[in-house]
Amino acid sequence: MKLLSKRNSYFLFAILATAFFYSKDGDITTSVYATGAAFALPLALAAMVGIMCERTGIVNIGIEGTMLLSAFVAFFVSSLTQNIIIGLICAIFTGSMMGLILAVMAVSWRMDQIIAGTILNILATGLTSFLYVQGKTIPSVFQAIEVPVLSKIPFFGPVLFIHGALTFIGIAIILALYVAIYHTSWGLRSRAVGEHPSSADTAGVSVARLRYINVTIAGGIGALAGAYLSLELVGSFERGFTAGKGFTALALMIFGRWNPLGALAAALFFGLAQAYANQLMIDQVVNIPTQFTAILPYVMTIVVLTISAGKVRPPAAEGQPYEKGQA
Amino acid sequence: MSALLEVSGVTKRYPGVLANDNVSLTVNAGEVVALLGENGAGKSTLLKAVFGLIKPDSGEIKIGGSPIVFGDTAGVISRGVGMVHQHFQLVPVMTVAENLILGDEPKRGIFINKKAAYDEIIALSKRYGLEVDPDAVIEDLPVGMQQRVEILKALRKDVKLLILDEPTAVLTPQEIDELLVVIRNLANSGVGIVLITHKLHEVMAVADRVVVLRGGKLVGTTSPKETDEAGLAQMMVGRSVVLQVNRTEAKRGGVVLEVKALEVRDDRKILSVKGVDLQLHKGEILGVAGVEGNGQRELVEAICGMRHREAGSVLINGVATKDMHPHAVHEAGISHIPEDREKHGLVSNYTIADNLVLNQFDQAPFAKGWIRDLNEIAKNAIATVEKFDIRTPSAFNTAGSLSGGNKQKVVVARELSEELPVLVAAQPTRGVDVGSIEFIHNQLISARDKGAAVLLVSAELDEILSLSDRIAVMSDGKIVAIVDSKDADRNYIGRLMAGLDK
């Protein structure tokens, strides 16, 4: 390993920049980073959906729709039952069903996966716009929990250890997914199915079954990302609530090279960039219309994809339906 | 004790083809059974049926005395049937170890036990004398080594019956010799082996029994003791086949293709053609012999404009050709039978008819201005399918639906149709059956006799020896010697190929 590899130099730069800002103004830097982490989580979780699907060879561009419909279900069920736990459970069920529908279309019907994903997105946009009712409220959001001891560490404590329950669940899922992909049979088989399905098939691994399982579970994770938005970060729901986060997540997945930790790092970078932009606005350092700062994530998506284009290698069997008995 | 494998009366019909017609055969423990047949004779279909991948229309397949269930591939595998596929079933980006344990991973708790996996792999490779590096990534390994992994993968599952589907098609002569020894050793240790191959001398060298399929029917069972290569070829094709190429003296003309100080890098950016000079004359076949991976592929691709020329030039009749521009090179007068017909030779989803005019689709008579003349294309296709004996229900089926040998015939037919001054033929008979090999060889000779300059690159030394007028031996990216085929000595060339003599 080269000490000054490209990746290490990114990290070094990030650490130096953080230290610099922290020395200038500790409180604001801490709060910006805490906000950045909160912005990053749904993006990171949504990127996990992409990773789980694409690692087994299914392209899921329906993440946006999955998040949107789940956020909707989470909010309105919570509002109806006045219980956010029930809302969360219903949302996860909804997301899993979205995953299952994608699996049916992509695996069993061998549909074009881009179209299958688009169907999910249109379905979600249509349903949430049609069923949307104004003025509903939920009893509360998932309240921030302070992890004993750890949350008292300067800087790291507030950034990493004072969050709502869904954040901690989300981080646990990301770390677990990383370990699972590289160190368990499930991960090995999933990667094999995504790279060279006939190898997996001849080794006695059911390609269709694994794809069904992964895409369905991934849908549940996408639902968690959606529910996080409506039940923890914002506490409300509006039309077009997810605002393209599901698509940004796909870019982060690519930037993170289909590695959960890579995508997490990319998401943190994005979240921070957005938090900084907000802070700049609040401080009146820059005075530009909000629309321009709102564009920022998308511009960055394009920039990042342009930089990393051609250098990354997606799972080889991505997007291809598998037929038993092919060479 | 019942036979390892018992196939009785299997029939399988595909639209337009009877792939298997009442085929029966048995394989016992400790014997090597060679399954011979032309491309499209029904061997692959039979194997797929054995693995439960396809459902025969009638007949029964028993393994170890009990019948198999369609769709239960895992069940077949668990009963000790292993297969080394023609297209390797390995995940290219994963390591040897990961590929070997896939599907049956040693575990500690929920995690993969990497230590146990390594120990097991090392023990396994020691036991069968097949050394591998568990940490190597598959795509970085030479083909022979990949195949070794593939064989180990089968052996790991305690196979009783090992099926090898054209295992030598991609190997160098040395690797083939090693493989045949491995096969014999496995049989001696009690494994039943089914060997599918086109190469008759391998069959003669290693098989105990030979089963021949033709047109989906079992046409006979014999053994190397009772017959010879010519006899086997005749059984396969149904007519007598001339294994030796009849070749008249070349009428050499002036230099047509000249390669000067060519340097080329391979996919990993390593310099693999290190200053090659070649002069190819009108009316001759120049064979390039060499162990695969010594720069032949890169040489061919650079000549044909498919790979960047780091230094040097390629001239046709004294005019330099454009770098990285296959179309311009083709226009300048080089036709190319590429090594990888699936990737560079055919568009699988196009019809055979369209594939046959890929090099001239925009020229008369196949196009009038901007409009393609479908009638001419169809006429050409029907005539070519007839002339080249391409086995297909129709010239308008997709090229992807053809068997390997027939695909190759399509490529050869197309590339010869223009009669350009230079023909570059890379591995023109790889994975092709005896009857088609004879045909393709004759086509190359007749192209030469019509005045083409032919550059033949092949990993088959026999092919080089029987076709070439001159032989250039390539080793480590350089041409180490050019010998006249009249003075060619097999051993001498073999040693040059191995880089022993300079």
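Draft legend 1. A look at the overall build of chain B. For chain B, the count of helices and strands is 17 helices and 24 strands. Taking 2.2 N^0.38 as the reference for a compact globule, 502 residues should give roughly 23 Å; the C-alpha atoms of chain B span a radius of gyration of 24 Å, in line with that estimate. Dimensions of chain B, computed from C-alpha atoms along their principal axes, come out at roughly 70 × 50 × 50 Å. Among the 502 residues that make up chain B, the fraction classed as buried is 55%.

Draft legend 2. Region of the structure containing the interface of chain A and chain B. At the interface, 22 residues of chain A touch 26 residues of chain B. Between chain A and chain B, roughly 2100 Å² of surface is buried when both sides are summed, and carbon and sulfur atoms account for 61% of that area. Applying the counting criterion to the chain A and chain B interface returns three salt bridges. Across the pair Glu98(B) and Arg191(A) runs a salt bridge whose closest N-O atoms are separated by 3.4 Å. Scanning the region where chain A abuts chain B turns up 11 residue pairs in polar contact (both at pLDDT 80 or more). Those elements that place two or more of their residues in the side of chain A that touches chain B are α7 (165-183), α8 (185-195) and α9 (197-202) of chain A. Looking at which element gives the most residues to the side of chain A that touches chain B, the answer is α8(A), with six residues. Split into classes, the residues belonging to the side of chain A that touches chain B amount to eight nonpolar, nine polar and five charged.

Draft legend 3. Looking closely at the nonpolar core. Core analysis: the biggest nonpolar cluster contains 70 residues, and Leu45(A), Met48(A), Ile58(A), Leu88(A), Leu231(A), Phe237(A) and Leu252(A) have the highest contact counts within it. No other element matches helix α2 (residues 26-55) of chain A, which puts 13 residues into this core. Sequence-distant contacts of Ile58(A), defined by excluding residues within four places in its chain, comprise Cys53(A), Leu102(A), Ala106(A), Val107(A), Gln113(A), Arg211(A) and Val215(A). Counting 44 residues, the second-largest nonpolar core is a separate cluster that includes Ala425(B), Ala452(B), Leu461(B) and Val473(B).

Draft legend 4. Fine view of the domain arrangement of chain B. All names here are of chain B. Domain boundaries assigned for chain B yield domain 1 (5-237) and domain 2 (255-497). If you average the C-alpha positions of domain 1 and of domain 2, the two centres end up 31 Å apart. Contact with domain 1, which involves 19 residues of that partner, is made by 17 residues of domain 2. Each partner contributes to the roughly 1400 Å² buried at the junction of domain 1 and domain 2, and carbon and sulfur atoms together form 54% of this total. Put simply, domain 1 and domain 2 have zero residue pairs in polar contact (both at pLDDT 80 or more) between them.

Draft legend 5. Focus on a nonpolar patch on the surface. A cluster of nonpolar residues, Leu280(A), Val285(A), Val286(A), Ile288(A), Phe292(A), Ile295(A), Tyr298(A), Val299(A), Val303(A) and Ile307(A), forms a patch on the protein surface that exposes about 840 Å² of accessible area. Ranked by the residues each element gives to the nonpolar patch, the list is headed by helix α13 (residues 290-308) of chain A, at six residues.

Draft legend 6. Seen up close, the side chain of Ser125(B). All names here are of chain B. Mapping Ser-125 onto the fold places it in helix α4 (residues 114-128). A relative accessible area of 6% means that Ser-125 is categorised as buried. For Ser-125, the residues in contact, after removing those within four places along its chain, are Leu-130, Glu-131, Val-132 and Leu-152.

Draft legend 7. Main features of the packing of helix α3 (residues 63-81) of chain A against helix α11 (residues 245-255) of chain A. All names here are of chain A. Relative to each other, α3 and α11 sit at 140 degrees, their axes nearing to 7 Å. Comparing the axis directions of α3 and α11 gives the class oblique. Of the two possible hands of crossing, α3 and α11 adopt the one that is right-handed. For the pair α3 and α11, contact is made by Ile-63, Glu-64 and Met-67 and by Lys-245, Gly-246, Phe-247 and Leu-250, respectively. Here the residues of the contact of α3 with α11 sort into four nonpolar, one polar and two charged.

Draft legend 8. Spotlight on the sheet that holds strand β13 (residues 255-265) of chain B. Residue and element names in this part refer to chain B. An order of β14-β13-β16-β17 is seen for the four strands of this open sheet, with the pairing classed as antiparallel. Single-partner strands in this sheet number two, and they are β14 (271-281) and β17 (319-320). Helix α9 (residues 296-303) contacts β13, β14 and β16 (309-316) of the sheet and is inclined by roughly 120 degrees relative to β13.

Draft legend 9. Molecular detail of the pattern of salt bridges. Residues and elements named next belong to chain B. Under the defined criterion, the tally for this structure stands at 30 salt bridges over all chains. A salt bridge links Glu-31 to Arg-209, with the shortest nitrogen-to-oxygen separation between them at 2.8 Å. Taken as a pair, Glu-31 in the loop between β2 (17-27) and β3 (32-37) and Arg-209 in strand β11 (residues 209-214) lie far apart in primary sequence, 178 residues in all. Taking relative accessible area as the criterion, Arg-209 reaches 22% and is therefore assigned partly exposed. Between Arg-252 and Glu-284 there is a salt bridge; the shortest N-O distance is 3.7 Å. Remark: Glu-284 occurs in the loop between β14 and β15 (285-289) and Arg-252 occurs in the loop between α8 (229-237) and β13; sequence separation between them is 32 residues. What makes Arg-252 partly exposed here is its relative accessible area of 43%. We classify Glu-284 as buried; its relative accessible area is 0%. Taken together, the salt bridges that share partners define one network made up of Arg-247, Arg-448, Asp-449 and Asp-469.

Rules behind the numbers
Residues numbered from 1 in each chain as written. Chains lettered and ligands numbered in written order. Predicted model: local features only at pLDDT ≥ 70, side-chain atom pairs only at ≥ 80, totals over all residues. Heavy atoms only, no water. Helix = DSSP H or I, 4+ residues; strand = E, 2+ residues; numbered from the N terminus. Rg over C-alpha atoms; globule rule 2.2 N^0.38 Å. Buried < 20%, exposed > 50% of the residue type's maximum accessible area, 1.4 Å probe, protein only. Contact = heavy atoms within 4.5 Å. Buried area = accessible area lost by both parts, 1.4 Å probe. Salt bridge = Lys/Arg side-chain N within 4 Å of Asp/Glu carboxyl O. Polar contact = N/O pair within 3.5 Å; in protein donor to acceptor, adjacent residues only side chain to side chain. Nonpolar A, V, L, I, M, F, W, Y, C, P; charged D, E, K, R; others polar. Core = buried A, V, L, I, M, F, W, Y, C linked by side-chain atoms within 4.5 Å. Domains from an automatic or database assignment. Patch = residues over 30% accessible without salt bridge, like charges linked within 9 Å, V, L, I, M, F, W, Y side chains within 5 Å. Areas by Shrake-Rupley, 256 points an atom, 1.4 Å probe, with all protein chains shown as cover. Axes fitted to C-alpha atoms, helices over the stretch in contact; angles between N-to-C directions. Parallel < 35°, antiparallel > 145°, perpendicular 65-115°, else oblique. Left-handed = near helix turned anticlockwise from the far one by under 90°. Pairing = 2+ DSSP bridges.

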